[in-house]
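Understanding the architecture of this molecule
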Amino acid sequence: MKLPRAWRTGLREVPGSPGGERQHAGAVSESRPLLEVNMLTAGYGGPTIIADVCLTARTGHLTAIVGPNGAGKSTLIKAIAGIVKPTSGTVRLNGEDVTGSPPQNLARRGMSYIPQVANVFPSLTVQENLEMGGYVLRGGIREKIEELYETFPDLRDARRRQARTLSGGQRSMLAIGRGLMSNPAILLLDEPTAGLAPRFLETVWEQIATIRTLGVAVIVVEQNTRRTLAYADWAYVLVAGKNQLEGAGTDLLEDDEVEKLYIGKV
């Protein structure tokens, strides 16, 4: 896949790790995590949904959160993105405590959240959707859209079509493209392949995998465990609202404990 020149040459740098910080092995770099979630607890005003969850995400890597239905995966990503207010714990973005910050403030700090549903404006064209995604930019929106069209050529072909007329795969790509319009440091994707026809799954995953090469930290929440782990640099298995396992994605694919905790869909 051809990447826009500006993105190939403009990858972000992350400061080095402070002394004593735990580092992940394998494909994950030794740089300080861009995102650090520590002992996060949250719910919706009733019973606690997630409790004492910890995770990190690094620039240029794909971090996955997998687990069964009801594990709290979407609640976790919403608490990170400021949609759900945590009751305890911390979220740090590039070293700054942003726990409970409103989504619009997090967007200005470089976080982009793509929900599973209602992630595009169905009555607007592809081009208009992308323009809306660039609302935090001070200029260069047209140039940014052209860069995205290089990465997502299907969107260029459909630029004058209303989003409601797109296929499931195209709509997923448009949602991701809108999220990238703000030049995020970190992209949070909630079930990006949910409901897609099998022929679109690999295409969307290839697009997601490409995004990390643009100097973006990517967090993906998914139920399709095996496919997700195959692409993930690092992954967390969430069960009943708590961390149960973590490790390099390919290592967890071979871990018998993952099978015991949750048998993912092929």
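Look a little higher up for the structure.
The following paragraphs examine the structure supplied in this document. Remember, it's a predicted structure, so these values are computed and weren't measured experimentally. (Residues numbered from 1 in each chain as written. Predicted model: local features only at pLDDT ≥ 70, side-chain atom pairs only at ≥ 80, totals over all residues. Heavy atoms only, no water.)

1. Digging into the overall build of the protein chain
Check the secondary structure of the protein chain and you find 11 helices and 10 strands. Looking at the 266 residues of the protein chain, the share that counts as buried comes to 52%. Summing over all exposed atoms, the protein chain offers an accessible surface of approximately 12000 Å²; the carbon and sulfur share of this is 49%. (Helix = DSSP H or I, 4+ residues; strand = E, 2+ residues; numbered from the N terminus. Buried < 20%, exposed > 50% of the residue type's maximum accessible area, 1.4 Å probe, protein only. Areas by Shrake-Rupley, 256 points an atom, 1.4 Å probe, with all protein chains shown as cover.)

2. What to know about the layout of surface pockets
Leftover empty space is mapped by rolling, across the atoms, a probe with the size of a water molecule. The volume enclosed by the largest pocket comes to roughly 410 Å³. If you trace the largest pocket, you find 20 residues lining it, with Ala 107, Ser 112, Tyr 113, Tyr 135 and Arg 178 closest to the centre. Going through the elements one at a time, α3 (103-108), β6 (111-114), α4 (126-133) and α7 (168-180) are the ones with two or more residues in the lining of the largest pocket. Of the residues in the lining of the largest pocket, the class split is 13 nonpolar, 6 polar and 1 charged. (1 Å grid on protein atoms, 1.4 Å probe; cavity = no way out; pocket = protein on both sides within 12 Å on 5 of 7 lines; lining within 4 Å. Points joined across faces, edges and corners; volume = space filled by probe spheres on them. Nonpolar A, V, L, I, M, F, W, Y, C, P; charged D, E, K, R; others polar.)

3. A word on the side chain of Gln 127
In this structure, Gln 127 sits in helix α4. Overall, Gln 127 belongs to the buried group, its relative accessible area being 16%. When residues no more than four places from it in sequence are discounted, the contact partners of Gln 127 are Arg 142, Ile 145, Tyr 149 and Arg 159. (Contact = heavy atoms within 4.5 Å.)

4. Description of the sheet that holds strand β2 (residues 48-57)
Strand order in the open sheet made by the 4 strands is β2-β1-β4-β5, with antiparallel pairing throughout. Strands at the two margins of the open sheet, each flanked by one partner only, are β2 and β5 (96-97). In the sheet, strand β4 (residues 88-93) pairs with β5 via 2 bridges, with the strands oriented antiparallel. Of the residues in β5, the one forming a bridge with Leu 93 is Glu 96. Set on the sheet, helix α2 (residues 73-81) makes contact with β1 (35-43), β2 and β4; between it and β1 the angle comes to about 115°. (Pairing = 2+ DSSP bridges. Axes fitted to C-alpha atoms, helices over the stretch in contact; angles between N-to-C directions.)

5. Comments concerning the sheet that holds β6
Strands sit in the order β6-β7-β8-β3-β9-β10 across an open sheet of 6 strands; the sheet is mixed. The two strands at the open ends of the sheet, each matched to only one other strand, are β6 and β10 (242-247). Here the average twist between neighbouring strands, direction ignored, is 15°. In the sheet, strand β7 (residues 186-190) pairs with strand β8 (residues 217-222) via 5 bridges, with the strands oriented parallel. Of the residues in β8, the one forming a bridge with Ile 186 is Ala 217. Along the sheet, α7 makes contact with β6 and β7, crossing β7 at roughly 155°.

6. Examining the packing of aromatic side chains
This structure, assessed with the given rule, holds 1 aromatic pair. Ring centres of Trp 205 and Tyr 231 lie 5.2 Å apart, and the angle between their planes is 10°; this geometry places the pair in the stacked category. With Trp 205 in helix α8 (residues 198-211) and Tyr 231 in helix α9 (residues 225-231), this pair connects stretches of sequence that are 26 residues apart. Just as Trp 205 is buried, Tyr 231 falls in that class too. (Phe/Tyr/Trp six-rings, centres within 6.5 Å; stacked < 30°, edge-to-face > 60°.)

7. A look at unusual backbone geometry
Not every positive phi belongs to a glycine, and Asp 52 is a case in point at roughly 55°. Within the element layout of this structure, Asp 52 appears in strand β2.

8. Remarks on the pattern of salt bridges
With the rule as written, the count across this model stands at 6 salt bridges. A salt bridge links Glu 96 to Arg 109; the shortest N-O distance between them is 3.1 Å. Separated by 13 residues along the polypeptide, Glu 96 in strand β5 and Arg 109 in the loop between α3 and β6 bring together distant segments of the chain. On the accessibility criterion, Glu 96 (37% relative accessible area) is partly exposed. (Salt bridge = Lys/Arg side-chain N within 4 Å of Asp/Glu carboxyl O.)

9. Focus on the environment of Glu 206
In this structure, Glu 206 sits in helix α8. As for Glu 206 and Tyr 231, which are separated by 25 residues in sequence, their C-alpha atoms are 8.8 Å apart.

10. Some points on the packing of α7 against α8
The geometry of α7 relative to α8 is characterised by a closest axis approach of 9 Å and an angle of 15° between their N-to-C directions. Relative to α8, the element α7 is oriented roughly parallel. Read as a crossing pair, α7 and α8 show a hand that is right-handed. Residue-level contacts link Gly 169, Ser 172, Met 173, Ile 176 and Leu 180 of α7 to Phe 200, Thr 203, Val 204, Gln 207, Ile 208 and Ile 211 of α8. The residue makeup of the contact of α7 with α8, split by class, is 7 nonpolar, 4 polar and no charged. (Parallel < 35°, antiparallel > 145°, perpendicular 65-115°, else oblique. Left-handed = near helix turned anticlockwise from the far one by under 90°.)

11. So, α7
Here α7 is 13 residues long and its end C-alpha atoms lie 19 Å apart, about the 18 Å a rise of 1.5 Å per residue gives. Of all the 13 residues making up α7, 11 are buried; the element is thus mostly covered by neighbouring parts of the structure. Along its buried surface, α7 packs onto β6, α4, α5 (141-151), α6 (153-157), β7 and α8. (Expected span 1.5 Å × (residues − 1).)

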